[in-house]
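Letter by letter, the chains look like this.
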Amino acid sequence: MVEFIIPTYNRKYQLLTIIGSIISQNNPNWKIHIVADGVFDGYEDIKQIFSNSDKIKFSELQGPHKDWGHTPRQYGLDNATEEWVVMSGDDNYYTPNFVDAFLKNINNDINFVYCDMIHDNFNYSYVISEPVVNKIDIGNFMTRKDLAKSIKFNKGSYTADGEFVESYIDRFCKNTNSIKKINSALYVHN
């Protein structure tokens, strides 16, 4: 099971897009935890639409924190329940085979899985990802929840997601066999 942690604030339509991309996964082994960084217009409507789903959880924080989503992301990670987590932004989305491809690439030795991406800052070009700052985005990797919980986000840093990855790799992936890359763009950053 993969748990998607999605911080959101004031992006109703983008939030609906990412939820739709996860609901459309070919593999049903996913859950979503949406963490609102302060309530915004349209949020209660979205929450009501999915109120009967046992796969989508909503949490609200007093906010907004204005820290690139790191405070709600940390909250979601601290409260995650599934073995594997993917942390994203509310303005991104996934190809329908994301969950299936990632789950097919795990075993007892793997601690970190990532893929390439399409990125808007590069005119929606294909980006070959690497697990280092400025070569990976918060949404195109999956980690083991229990290991990830021991690393905290640098909430004052725009590059905190890359810093998180570097800390995670340094602590839990010294053996290169514990990292798996999927050489395909299964994630779109907006």
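Keep in mind that what you see is a predicted model, and the values were worked out from it rather than measured.

### Comments concerning the packing of aromatic side chains
- The tally for this structure, following the rule as stated, stands at 16 aromatic pairs.
- Ring geometry for Tyr9 versus Phe40: centroids 5.9 Å apart, planes at 80°, classification edge-to-face. Taken together, the residues Tyr9 in the loop between β1 (2-8) and α1 (12-23) and Phe40 in the loop between β2 (30-37) and α2 (43-49) connect sequence positions 31 residues apart.
- Accessibility expressed as a relative area gives 34% for Tyr9, which makes it partly exposed.
- Given a relative accessible area of 7%, Phe40 falls into the buried group.
- Site record: aromatic cluster; members linked through ring pairs are Phe112, Tyr114, Phe141, Phe153, Phe164, Tyr168 and Phe172.
- Over the aromatic face of Trp30 sits the side chain of Lys55, whose NZ or CZ is 4.1 Å from the ring centroid.

### Quick look at the pairing of strand β3 (residues 56-61)
- Here β2 pairs with β3 via 6 bridges, running parallel. Note on β3: the bridge partner recorded for Asp37 is Leu61.
- In terms of handedness, the path from β2 via α2 over to β3 forms a crossover that is right-handed.

### Looking at the pattern of salt bridges
- Enumeration according to the criterion identifies 11 salt bridges in this entry.
- A salt bridge links Asp91 to Arg11; its shortest N-O distance comes to 3.2 Å. Remark: Arg11 occurs in the loop between β1 and α1 and Asp91 occurs in the loop between β4 (84-87) and β5 (93-94); sequence separation between them is 80 residues.
- Taking relative accessible area as the criterion, Arg11 reaches 32% and is therefore assigned partly exposed.
- With a shortest N-O distance of 2.8 Å, Lys181 and Asp116 are connected by a salt bridge. One end of the pair, Lys181, is in strand β9 (residues 179-189); the other, Asp116, is in strand β6 (residues 112-119), with 65 residues separating them in the sequence.
- Among the ionic contacts, a cluster of salt bridges with common partners joins Arg11, Asp90 and Asp91.

### Some details on the side chain of Ser178
- Looking at the secondary structure, you find Ser178 in the loop between α6 (160-172) and β9.
- There is a polar contact of 2.6 Å between the side chain of Ser178 and the backbone oxygen of Asn175.
- Once you skip the residues sitting within four places of it in the chain, Ser178 turns out to touch Asp109, Ile110, Asn111, Phe112, Phe172 and Cys173.

### Comments concerning the pairing of β1
- With 7 of its 7 residues buried, β1 lies for the most part within the structure.
- The alternating pattern of β1 places Val2, Phe4, Ile6 and Thr8 and Glu3, Ile5 and Pro7 on opposite faces, both of which are buried.
- Bridging between β1 and β2 involves 7 bridges; their strand directions are parallel. Looking at the pairing, Ile6 lines up with Ile34 of β2.
- Note on the crossover from β1 through α1 to β2: the handedness is right-handed.
- Relative to β4, β1 runs parallel, the two being bridged by 4 bridges. Pairing of Val2 across the sheet is with Trp84, part of β4.

Definitions and limits used
Throughout, a residue's number is its position along its own chain's written sequence, starting from 1. Restriction of local features to residues with pLDDT of at least 70 applies here, the model being predicted, together with a cutoff of 80 or more for giving and counting side-chain atom pairs; totals for whole chains, interfaces and linings are based on all residues. Side-chain descriptors were evaluated using all non-hydrogen atoms of the structure, hydrogens and water having been removed beforehand. A pair of Phe, Tyr and Trp rings is counted when the ring centres sit within 6.5 Å of each other, with Trp represented by its six-membered ring. The angle between the planes then sorts it: under 30 degrees is stacked, over 60 is edge-to-face, the rest tilted. Secondary structure elements are defined from DSSP: runs of H or I of at least 4 residues count as helices, runs of E of at least 2 residues count as strands, and each element is numbered from the N terminus. The cut-offs for exposure are 20% and 50% of the maximum accessible area for each residue type, with area from a 1.4 Å probe on protein chains only; residues under the lower value are buried, those over the upper are exposed, and the others partly exposed. Two thresholds decide whether a charge sits over a ring: the Lys NZ or Arg CZ must be within 6 Å of the ring centre and within 35 degrees of the ring normal. Any two strands with at least two DSSP bridges between them are considered paired. Whether a crossover is right-handed depends on one test, that the path from the first strand over the helix to the second runs clockwise when the strands point away from the viewer. For this document, the term salt bridge refers to a Lys or Arg side-chain nitrogen within 4 Å of an Asp or Glu carboxyl oxygen. Any pair of N or O atoms that falls within 3.5 Å is considered a polar contact. Within protein, one atom must be able to donate a hydrogen and the other to accept it, and sequence-neighbouring residues count only if both atoms are side-chain atoms. In what follows, a contact means two residues having at least one pair of non-hydrogen atoms within 4.5 Å.

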